[in-house]
Amino acid sequence: MVNILVTRSSMPSMDEYIKEIEDIWDSHWLTNMGPKHKEFQKNLKEYLKVEQMDMFTNGHMALELSLQAMNLPRGSEIITTPFTFASTTHAIVRNRLEPVFCDIDPVDFTIDVKKIEDLITDKTSAIMPVHVYGNVCNIEEIQRIARKYDLKVIYDAAHTFGVEYHGLGIGTFGDVSCFSFHATKVFNSIEGGAACFRDEEFGLELYRLKNFGIRGPERVDGVGANAKMNEFCAAMGICNLRHVNEEIAKRKLVVERYREWLDNVEGVQLNPVQEDVKPNYAYFPVIFDEKTFGASRNEVFEALQEVGIGARKYFYPLTNTFECFHGKYDVNRTPVALHISKRVLTLPLYADLDVDTVDKICEVILKCKENIK
Ligand code: T4K
């Protein structure tokens with residue numbers, strides 16, 4: 001039996017990493033924005049085509065501290081979507097802000113911009129959309145709404161490493177865009193994250209928040225956390241960045257193979273190919289419509305499990321149904337998100353996934369259809 005998981009971390013060769021960390025042994029400088037951190041940040045800014053950025057222990061702290069640095073009125077409302085990883089919603093709640101859940105677009109699964117304005121009240125202070133699966137949100141419309149109502153925009157760009165829109169780095173949009181460099185992402189620094197922003201003052205506040213509010217050796221003028229990226233993670237990032245284009249190119253081949261099998265299969269909806277977007281092939285979500293496909297998402301999930309293939313139900317359950325919120329949010333107000341979350345399965349996808357395995361996965365999926373018919 002094979003054992004294929006939904007993803008597998010990209011890694012440099014061990015030799016390459018060891019060579020990269022030799023300086024750390026020589027200097028004994030392990031963390032606190034050392035030389036590896038500086039080099040990684042410089043390289044990343046170039047790669048992501050952004051002017052200003054700061055790096056963090058992980059993508060979640062980038063999001064949580066970015067929201068904090070905005071200094072939004074306590075208890076004010078943030079319009080976001082529930083079709084995402086826990087992190088997006090938790091970053092809002094942990095800042096004592098109120099998530100207001102907007103439904104998603106049925107085609108690209110990002111925030112449905114037609115439904116945002118109805119949710120705006122005099123308490124709304126920001127919009128927090130998610131470029132889910134690497135799909136780019138409707139940036140123009142979000143910007144128009146934000147300008148009209150004077151709202152901040154914080155993009156959860158955890159899935160869009162390296163994505164470009166009209167040739168611009170995806171991190172250049174909104175007031176802030178936050179990336180994740182977690183082990184499971186297109187690009188990783190083991191754990192890690194970054195916030196890209198426009199306003200220099202905001203950047204200083206963000207820096208203080210990730211480093212205990214320290215302004216200078218004898219001055220602490222804010223109450224900060226500790227969310228600094230260490231030198232070993234930065235070294236991993238430096239190595240992985242050398243290979244990321246190659247990794248994305250390999251992912252593209254895997255995605256193309258999946259599409260050869262699954263495009264135009266009745267009852268199967270795939271991720272859209274977006275115009276003017278340079279994609280990163282982050283995830284391969286498939287929506288199964290039981291009525292027309294003949295088998296439910298859960299049946300396909302189980303059939304794959306039986307042969308050792310670990311697809312995942314990203315993103316089920318929706319964050320507005322999490323037990324920790326004790327029924328506070330009405331899931332029926334996001335019916336499209338609910339519909340998709342019950343039908344979606346993200347198939348294994350990583351650079352070194354070989355096409356024979358993709359063939360096997362697709363055979364199992366199509367067999368579910370035949371079995372039921
Ligand atoms: N916003 C969004 C929209 C996000 O998706 C995320 C993270 C964030 C914000 C927050 O960013 P970070 O703070 O995480 O930087 C995973 C990841 O832990 C999480 O980063 C990611 N989203 C989420 C979508 O997926 P799990 O609980 O599914 O991970 P886990 O441990 O089940 O791993 C999944 C598969 O990945 C494994 O089956 C095998 C592979 N894997 C995993 C690890 C940990 C590896 O190959 N190597 C590894 O080291 O959450």
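This section reports on the structure supplied with the text. (Residues numbered from 1 in each chain as written. Predicted model: local features only at pLDDT ≥ 70, side-chain atom pairs only at ≥ 80, totals over all residues. Heavy atoms only, no water.)

### Details of helix α1 (residues 14-27)
Then step 1. End to end, α1 covers 21 Å across 14 residues, agreeing with the expected 20 Å (1.5 Å per residue, within 8%).
Then step 2. Looking at α1, one finds that the buried residues are E16, Y17, E20, I21 and I24.
Then step 3. At its buried positions, α1 is contacted by α2 (35-48) and α7 (231-262). (Helix = DSSP H or I, 4+ residues; strand = E, 2+ residues; numbered from the N terminus. Expected span 1.5 Å × (residues − 1). Buried < 20%, exposed > 50% of the residue type's maximum accessible area, 1.4 Å probe, protein only. Contact = heavy atoms within 4.5 Å.)

### Side note on empty space enclosed by the protein
Then step 1. Scanning all chains against the criterion turns up 3 cavities of 30 Å³ or more.
Then step 2. Estimates place the volume of the largest cavity at around 90 Å³.
Then step 3. Around the largest cavity sit V6, T7, T184, R251, A282, Y283, F284, Y314, T346, L347 and L349, which together line it.
Then step 4. Grouping the constituent residues of the lining of the largest cavity by class yields 7 nonpolar, 3 polar and 1 charged.
Then step 5. Space inside the second largest cavity adds up to approximately 50 Å³.
Then step 6. Broken down by class, the residue content of the lining of the second largest cavity amounts to 5 nonpolar, 3 polar and 2 charged. (1 Å grid on protein atoms, 1.4 Å probe; cavity = no way out; pocket = protein on both sides within 12 Å on 5 of 7 lines; lining within 4 Å. Points joined across faces, edges and corners; volume = space filled by probe spheres on them. Nonpolar A, V, L, I, M, F, W, Y, C, P; charged D, E, K, R; others polar.)

### A word on the layout of surface pockets
Over the atoms, a rolled probe matching the size of one water molecule traces out where space is still vacant.
Then step 1. Here the largest pocket is characterised by a volume of approximately 420 Å³.
Then step 2. The wall of the largest pocket is formed by 24 residues, among which F85, S180, H182, T184 and K185 lie closest to the centre.
Then step 3. Of all the elements in the fold, those that place two or more residues in the lining of the largest pocket are α3 (59-69), α4 (86-94) and β8 (176-180).
Then step 4. Among the elements that take part in the lining of the largest pocket, α3 stands out by supplying 3 residues, more than any other.
Then step 5. The residue makeup of the lining of the largest pocket, split by class, is 9 nonpolar, 11 polar and 4 charged.
Then step 6. The computed volume of the second largest pocket comes to approximately 300 Å³.
Then step 7. Every residue lining the second largest pocket is counted, 18 residues in all, and those nearest its centre are R259, P272, V273, P279 and Y281.

### A closer look at the nonpolar core
For soluble globular proteins, nonpolar side chains are generally found buried alongside one another.
Then step 1. One finds L44, F83, I116, Y258, L262, L304 and L347 to be the most contacted residues of the largest nonpolar core, which totals 96 residues.
Then step 2. Judged by nonpolar contacts, the second largest core, of 24 residues, contains A91, L97, M128 and L209. (Core = buried A, V, L, I, M, F, W, Y, C linked by side-chain atoms within 4.5 Å.)

### Here's the deal with a negative patch on the surface
Then step 1. Judged by side-chain charge, E290, E299, E302 and E306 come together as a negatively charged surface patch.
Then step 2. Examining the composition of the negative patch, we find that 3 residues originate from one element, helix α9 (residues 297-306), more than from any other.
Then step 3. Of note, E306 is situated in helix α9.
Then step 4. By relative accessible area, E306 is classed as exposed at 63%. (Patch = residues over 30% accessible without salt bridge, like charges linked within 9 Å, V, L, I, M, F, W, Y side chains within 5 Å. Areas by Shrake-Rupley, 256 points an atom, 1.4 Å probe, with all protein chains shown as cover. Salt bridge = Lys/Arg side-chain N within 4 Å of Asp/Glu carboxyl O. Lys, Arg positive; Asp, Glu negative; His and termini not counted. Charge placed at Lys NZ, Arg CZ, Asp CG, Glu CD.)

### Considerations on the site of the ligand
Then step 1. Within the structure, the ligand sits among 26 residues, and D156, H159, S180, K185 and Y314 are positioned closest to it.
Then step 2. With respect to the ligand, the side chain of H182 contributes an N or O atom lying 3.3 Å from an oxygen atom.
Then step 3. K185 has a polar side-chain atom sitting 2.8 Å from a nitrogen atom of the ligand.
Then step 4. More than half of the atoms belonging to the ligand lie within 2 Å of the grid points that define the largest pocket.
Then step 5. For the shell around the ligand, the secondary structure elements donating two or more residues are α3 and α4.
Then step 6. In the shell around the ligand, the residues fall into 9 nonpolar, 13 polar and 4 charged. (Near = heavy atom within 4 Å. Polar contact = N/O pair within 3.5 Å; in protein donor to acceptor, adjacent residues only side chain to side chain. Sits in = over half its atoms within 2 Å of the grid points.)

### Here we look at unusual backbone geometry
Then step 1. The omega angle of the peptide bond from Y314 to F315 is 10°, so this bond is cis rather than trans.
Then step 2. Within the secondary structure, F315 sits in the loop between α9 and α10 (335-343).
Then step 3. A cis amide bond, omega 0°, links Y316 with the succeeding residue P317.
Then step 4. With respect to the element layout, P317 can be found in the loop between α9 and α10.
Then step 5. One non-glycine residue, K49, lies in the positive phi region at around 55°.
Then step 6. Topologically, K49 is positioned in the loop between α2 and β1 (52-56).
Then step 7. The partly exposed category is assigned to K49, whose relative accessible area is 43%.
Then step 8. Residues other than glycine seldom take positive phi values, yet R96 does so here, at roughly 60°.
Then step 9. Turning to its location among the elements, R96 is positioned in the loop between α4 and β3 (98-101).
Then step 10. Given the relative accessible area of 53%, R96 is considered exposed.

### Structural notes on the pairing of β8
Then step 1. Here β8 lies mainly inside the structure; 5 of its 5 residues are buried.
Then step 2. Both faces of β8 are covered, namely the face carrying V176, C178 and S180 and the face carrying S177 and F179.
Then step 3. Sheet topology note: the strand β5 (residues 152-156)/β8 ladder contains 3 bridges and is parallel. Each bridged residue has a counterpart across the sheet, and for Y155 the counterpart in β8 is S177.
Then step 4. Pairing analysis gives 5 bridges linking β8 to strand β9 (residues 193-197), with the strands arranged antiparallel. Residue pairing for β9: F179 is matched across the bridge by A194. (Pairing = 2+ DSSP bridges.)

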